[in-house]
Amino acid sequence: MAKCHPKDGGSLVLNRMPGGNLRIWTSFSGAALRRKIFDTVRCGGTRHRRRESGVSTIVESMERKSTETLTDQKQRSQKLAVLLRLSDSPENAVDASEVDIKKRIEALEELKRVVKRLQLDAHDEQKKVAAGDVRRLAKEDAEARTTLAMLGAIPPLIQMLDSGDIDSQIASLYALLNLGIGNDANKAAIVRAGTVHKMLKLMESQKEYPNPCVCDAIVANFLGLSALDLNKPIIGSSGAIPFIVETLKNIDNRSSYQAKQDSIRALYNISICPSNVSVILETDLIPFLLNTLGDMEVSERVLSILSNIVSTPEGRKAISQVPDSIPILMDVLNWTDSPGCQEKASYVLMVMAHKAYGDRLAMIENGIVSSLLELMLIGSTLAQKRASRILETLRTDKGKQVSCSFNGGLGAAVSAPLYGSSSSADQNQDSKDCLDEEDMMSEERKAVNQLVQQSLQSNMRRIVKRANLPQDFVPSDHFKSLALSSTSKSLPF
């Protein structure tokens, strides 16, 4: 690019023209003038390009600044990461552990103050407040429950049950309830300290005018304490079962809904122990439970209690002696919307059918076969297996009856005394009699098989009608083989 020198324009000469005018003459020729014009034009283009290069320089500087800003942000983020890594250093961990230790020490001091207020011979109002604090602190803190028991909070709470203030009694009962939540050691300690007898004594003192809040708190404690296997026989032999049964029955309409729910759960826990079944049978709980079936809110728990009771011989006898007990349980087998109830009812019936011949006869007379067949078709897996076991027991019993009658007649014929020698005519007569007996037995078997088939077909029609299936419903080959067979080998389970 040629350089431009604006001041280098050559020398100028002034000539006076005739008439007094002046004319400017340069000292360069025409070629030099054209070259100067060309250089001037080129210098102007260069200055324009210089303006464009200035704009590009500004853009480059802005881009440089933005790059520097991003670099600064990256450096700051790196510094933040370094600080976070430093926060996880052992020194900071020591600081966090120190804070945690301080919090634990403060919580322990608070627990000590609460237990100290309980142990002092202070006014009932202060003890009531302290019992409320125990209830609050032990509600959701498992460690606080253990610590409070170790500090000696249980004995003064039990002593508060002897006070005449109902509010203090309720506060101590709920504090004991929370101390036993999920803590077997505390439950055992509460029972060993004599809480069960004190609670029963408290209810005995309020027999004429019982307080519903006190009753609810006592039943809730029995529910929590009976969850421990070690406490089940102690509670059962203490006389608490009649009180819990009365609360469940709610004859005087004084029990709350929650108390009834807690009482039925407590009875289930207590009935797990076989030694408590005899005490339960001394009450009229079994008829009440069977009559309660149908209330879907408690039916499954009622059947759970009956499942525990039927496991003992006296329990099975008590259930079978209740009028219409077997039809009531058979009706539960048809509750297709409650598979849990079906499973438990089938268990009770299965045990009764397996142990007592009279119960098997009662089941057959009430037409249990149709309900069992329906249960095997549309019931749960467990209910199907139990229904199959009941059918197997009933068929085995029927087979034993037929074989016994057949063997009895044959045994009488074989064991008849033979005197002297028999003639050929007598032998032929005896063989004819045997053939006649066999023909008669085959005819009886055919009649029995025909009756069984008719009964099964009738039951099948009832099942189809109950299931709202079309009248021309054709059962599967598997079900036909199950219905036509008279042995238990055709059962699917």
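Before any of the text, the structure's been laid out above.
Quantities reported herein were computed from a predicted structural model and do not represent experimental measurements.

A. Highlighting helix α20 (residues 368-378). Across the eleven residues that make up α20, a large majority, eight, are buried. Among all positions in α20, only I368, S370, S371, L372, L373, E374, L375 and M376 are buried.

B. Representation of helix α15 (residues 299-309) within the structure. Among the eleven residues that make up α15, nine are buried, leaving the element largely enclosed by the rest of the structure. Here α15 has its buried residues at S299, V302, L303, S304, I305, L306, S307, N308 and I309. Contacts made by the buried residues of α15 are with α12 (257-271), α13 (277-281), α14 (285-292), α16 (313-321), α17 (325-332) and α18 (339-355).

C. The side chain of S271, seen in detail. With respect to the element layout, S271 can be found in helix α12. A polar contact of 2.8 Å, which involves the side chain of S271, links it to the backbone oxygen of Y268. Not counting residues within four places of it along the chain, the set of residues in contact with S271 comprises V277, I280, I305 and N308.

D. Structural context of the packing of aromatic side chains. The final tally for this structure, using the stated rule, is one aromatic pair. In this structure, R135 packs its charged tip against the face of Y174, placed 4.5 Å from the ring centre.

E. Up close: the environment of V191. With respect to the secondary-structure elements, V191 resides in helix α7 (residues 184-192). Residues V191 and I234 lie 43 residues apart in sequence; the distance between their C-alpha atoms is 8.3 Å. Setting aside residues no more than four positions away along its own chain, V191 makes contact with V196, L225, N231 and I234.

F. Summary view of unusual backbone geometry. Backbone geometry places D324, a non-glycine residue, at a positive phi of 60 degrees. As for its placement among the helices and strands, D324 is situated in the loop between α16 and α17.

G. The arrangement of the side chain of N231 in detail. Relative to the elements of secondary structure, N231 occurs in the loop between α9 (212-225) and α10 (232-237). The contacts of N231, once residues within four sequence positions are left out, are K187, A188, V191 and L225.

Calculation criteria
- Residues numbered from 1 in each chain as written.
- Predicted model: local features only at pLDDT ≥ 70, side-chain atom pairs only at ≥ 80, totals over all residues.
- Heavy atoms only, no water.
- Buried < 20%, exposed > 50% of the residue type's maximum accessible area, 1.4 Å probe, protein only.
- Helix = DSSP H or I, 4+ residues; strand = E, 2+ residues; numbered from the N terminus.
- Contact = heavy atoms within 4.5 Å.
- Polar contact = N/O pair within 3.5 Å; in protein donor to acceptor, adjacent residues only side chain to side chain.
- Phe/Tyr/Trp six-rings, centres within 6.5 Å; stacked < 30°, edge-to-face > 60°.
- Lys NZ or Arg CZ within 6 Å of the ring centre and 35° of its normal.

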